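One letter stands for each residue in the lines below.
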Amino acid sequence: MAETHKSLSSTHTEEMKKPCIEADLVLTLIPFLESTDQEMLLHAGRAIGRICYDNRDLQEELVKVGVITSLVRILTDYAENEPLVHVDLLALCNLADLDTAREALSKTKVAEQLVRQLKRAENHERLEIVFEVLHALAQNDALKVQLVEAGVQEVLSEILLRLQGSSQAEDTCIVKAASDLIVSLLLGGKKGNTNQLKVVKNHAKATVPISSRHENNQGRLPAFSLYGNCERMVQLGVIQQLLDLLEKHVESGDISVQHAALSALRNLAIPVVNKVQILEEGVAERIQTLLRSEMPPVQFKLLGTLRMLADGQADAAEILGQDPMLLNRLVQWCNANDHTGVHGEANRLLASILRHNRSQEVVKAIQEAQGVKHLVSMTSSEHVATQNEALNALAIASAIDLETLEESFKESQLVQSLHKLLQDDNTSPEVKYNSMGLLCSLLNSGDLRQEIEEDKIKETLEQLCSHSNANVVKEAVTTLQVLRGKT
């Protein structure tokens, strides 16, 4: 059995991964993560990691079946087994970008274990992996507080002081990662976390001179950003420095710097007051060069940054939604099935632009870019959050300009897709509710109303009037009334 796992752990090419995925091998391997045989854990962990790399759907499935608990247990029980810890950290690194994974991790003691590994790290590679996981976790408020309570700021200060004065490139990268993590810990956060954030801020102030010296020597952003005031940072002109940095390193092809700069932009775009100002400073225009990037990590981070800009901002969504180059590239990435992360983020950005937009011109622009069919496909996603994002986006777009979208809805068989969602017992109540809300909008079109009637959705709606969820019942009654022309 150990030899089998050893063989599987070398499965890293697409040709070898495909049959493993089709055979549901990942779920078969999961129970082996409960083993006490450390060699078995090592090979099972490698196999799962390699099969699931760059496959968002499989990663979501792993979280759903409880792999997070196993990973944290391994990190806790075998903290000094270097190869096993390495595999475990890589697995966490792959999963930590998922909201579901961060939510699951917030219910564990992973913060304590990561701080422990940060203290133990003796080489740059290990430090970089731990930092990457910590950066992802710092996007979750609960985990942010847990990291502070575990004393991460003290370890960061020690690392910065230890590397003070070093001119080695590897040390500079570590200083930057530590500085960026302090920024992440300071940004956002809920009011109730004030005491913890004060602790981080005190450590940040103590290490600013060290960080600034390293950053400035490399021509990078000065570390005054460690004070954590996003609005002030934007006022001080950080955006232009970041954009200059991005343009410079797009030409040189330095992915790590592009990734870091985009992460900083994304964090700065979190406060509502910053979003429109950032766009007004020319972000949309100046990141055009990044749209040409063929590097999936850069594409993924760029999409997440733009989605943060559009979040909750009609003005920002309108600017992005009328950029033909951006929309055409988005549609290309929506077709990028070989990179599920980029594919998923492109779809989510498209939905976000429509959801937060109130302009008829944006609806027409997305229609012309042939983006509507991708939003309809999103409604069939395995992930409830993705389905709801698409359904809400389509409902808002329909309310703004149904006439423009009518033909695309017919070609992409939206009505039939909605009917399947309503018929499927496995569809979540929220998705059923939002599907019916969209149906109500579609009934304002004569042609789509005819499709709804011909598909006999009325019978399904009548059945949903006895659904166990009260909101579903209420919406089914409302939709039937609209269908019968009573409202």
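See the structure printed just above.
What comes next concerns the included structure. (Residues numbered from 1 in each chain as written. Predicted model: local features only at pLDDT ≥ 70, side-chain atom pairs only at ≥ 80, totals over all residues. Heavy atoms only, no water.)

### Side note on empty space enclosed by the protein
Right, so step 1: Under the definition given, this model contains two cavities of 30 Å³ or more.
Right, so step 2: The calculated volume of the largest cavity comes to roughly 160 Å³.
Right, so step 3: Contributing to the lining of the largest cavity are 18 residues, with G45, I48, G49, L71 and A91 lying nearest its centre.
Right, so step 4: For the lining of the largest cavity, the secondary structure elements donating two or more residues are α4 (38–52), α5 (56–64), α6 (67–77) and α7 (82–95).
Right, so step 5: The element best represented in the lining of the largest cavity is α7, accounting for six residues.
Right, so step 6: Along the lines of polarity and charge, the residues of the lining of the largest cavity split into 13 nonpolar, four polar and one charged. (1 Å grid on protein atoms, 1.4 Å probe; cavity = no way out; pocket = protein on both sides within 12 Å on 5 of 7 lines; lining within 4 Å. Points joined across faces, edges and corners; volume = space filled by probe spheres on them. Helix = DSSP H or I, 4+ residues; strand = E, 2+ residues; numbered from the N terminus. Nonpolar A, V, L, I, M, F, W, Y, C, P; charged D, E, K, R; others polar.)

### As for the environment of E281
Right, so step 1: With respect to the helices, strands and loops of the structure, E281 is situated in the loop between α18 (272–280) and α19 (283–286).
Right, so step 2: Spatially, the C-alpha atom of E281 lies 7.6 Å from that of I239, the residues being 42 residues apart in sequence.

### Quick word on the pattern of salt bridges
Pairing of side chains with opposite charge becomes possible as their charged atoms draw close.
Right, so step 1: Under the defined criterion, the tally for this structure stands at 17 salt bridges.
Right, so step 2: Linking E60 and R56 is a salt bridge whose minimum nitrogen-to-oxygen distance equals 3.7 Å. Within this pair, E60 and its partner R56 are both found in helix α5, separated by four residues, close to a single helical turn.
Right, so step 3: With a relative accessible area of 11%, E60 lands in the buried category.
Right, so step 4: Linking R307 and E345 is a salt bridge whose minimum nitrogen-to-oxygen distance equals 3.1 Å. Within this pair, whereas R307 is found in helix α21 (residues 296–310), its partner E345 is found in helix α24 (residues 340–355), the two being separated by 38 residues in sequence.
Right, so step 5: Three or more residues joined by partner-sharing salt bridges are found here, namely R307, E345, R348 and E389. (Salt bridge = Lys/Arg side-chain N within 4 Å of Asp/Glu carboxyl O. Buried < 20%, exposed > 50% of the residue type's maximum accessible area, 1.4 Å probe, protein only.)

### Some thoughts on a negative patch on the surface
Right, so step 1: There is a patch of like negative charges on the surface, built from D97, E125, E128, E132 and E170.
Right, so step 2: Here the negative patch takes three residues from helix α10 (residues 124–137), the largest share from any one element. (Patch = residues over 30% accessible without salt bridge, like charges linked within 9 Å, V, L, I, M, F, W, Y side chains within 5 Å. Areas by Shrake-Rupley, 256 points an atom, 1.4 Å probe, with all protein chains shown as cover. Lys, Arg positive; Asp, Glu negative; His and termini not counted. Charge placed at Lys NZ, Arg CZ, Asp CG, Glu CD.)

### A few points about the layout of surface pockets
Right, so step 1: Of the volumes computed, that of the second largest pocket is approximately 430 Å³.
Right, so step 2: If you trace the second largest pocket, you find 18 residues lining it, with D57, T340, H343, G344 and N347 closest to the centre.
Right, so step 3: Sorting the residues of the lining of the second largest pocket by element identifies α5, α24 and α26 (372–378) as the ones contributing at least two each.
Right, so step 4: It is α24 that contributes the most residues to the lining of the second largest pocket, five residues altogether.

### What about unusual backbone geometry?
Right, so step 1: We note that Q370 has phi near 65°; this positive angle belongs to a residue other than glycine.
Right, so step 2: Take Q370: it is sitting in the loop between α25 (360–368) and α26.
Right, so step 3: Given the relative accessible area of 53%, Q370 is considered exposed.
Right, so step 4: Although it is not a glycine, Q413 adopts a positive phi angle of roughly 55°.
Right, so step 5: Its place among the elements puts Q413 in the loop between α27 (384–411) and α28 (414–423).

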